[in-house]
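Structural features, examined
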Amino acid sequence: MSTTRQPPPGDLGPEPDADQVPVTDGSNRTLTLDGASGVVPLARDFTRQALYDWGWLPASTTDARAAAEDVLLVVSELVTNACLHAEGPERLRVSTAAKVLRLEVTDRGAGQPAPRTPHQAGRPGGHGMFIVQRLCLDWGVLRTPGTEGKTVWAELAAPA
């Protein structure tokens, strides 16, 4: 099954708990992930629904479908990295403006994400930030002085 095809009802992964109800504001969506189980599929499903709501899906061209799949892959990588290296994700924010989609994953980790260098394609694991770097227009890390954690953000181009 394509990652961009709308799944049948009831096949969207775990339902969010009451405190994980998505917050939507037109072109901004926020999902609380702190303490949730199955956060990677939950984040992908949340983002997929936003792509449908914003007209990225269903994709009318191969390029548009590839752009949507890239977004879902980057969400998976950012949330997985927060799970593996940063004590788990607290929040996912997805927003769109003009021709750019922005993803933000907030966690409590102190580390600094970076693509593994040198990148070794045949080596298992460690490809997450390399994938993010290759697929995104830009990405970075925001920190708020005096607070723990960080927000890792990435921006992708909207389909042409």
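Please refer to the structure higher up on the page.
In this text, all values refer to a predicted model and were calculated from it rather than measured experimentally.

Reading guide: rules and limits
Residues numbered from 1 in each chain as written. Predicted model: local features only at pLDDT ≥ 70, side-chain atom pairs only at ≥ 80, totals over all residues. Heavy atoms only, no water. Helix = DSSP H or I, 4+ residues; strand = E, 2+ residues; numbered from the N terminus.

This part covers unusual backbone geometry. Between Leu57 and the following residue, Pro58, the backbone shows a cis peptide bond with an omega angle of -5°. Tracing the sequence through the fold places Pro58 in the loop between helix H1 (39-53) and helix H2 (62-85). Of note, Glu87 is a non-glycine position whose phi angle comes to about 65°, a positive value. With respect to the helices and strands, the residue Glu87 is situated in the loop between H2 and strand E3 (89-97). For Ala98, which is not glycine, the phi dihedral falls at a positive 50°. Secondary-structure assignment places Ala98 in the loop between E3 and strand E4 (100-107).

Moving on, we get to the environment of Gly35. Inspection of the secondary structure puts Gly35 in the loop between strand E2 (28-32) and H1. Residues Gly35 and Glu90 lie 55 residues apart in sequence; the distance between their C-alpha atoms is 7.7 Å.

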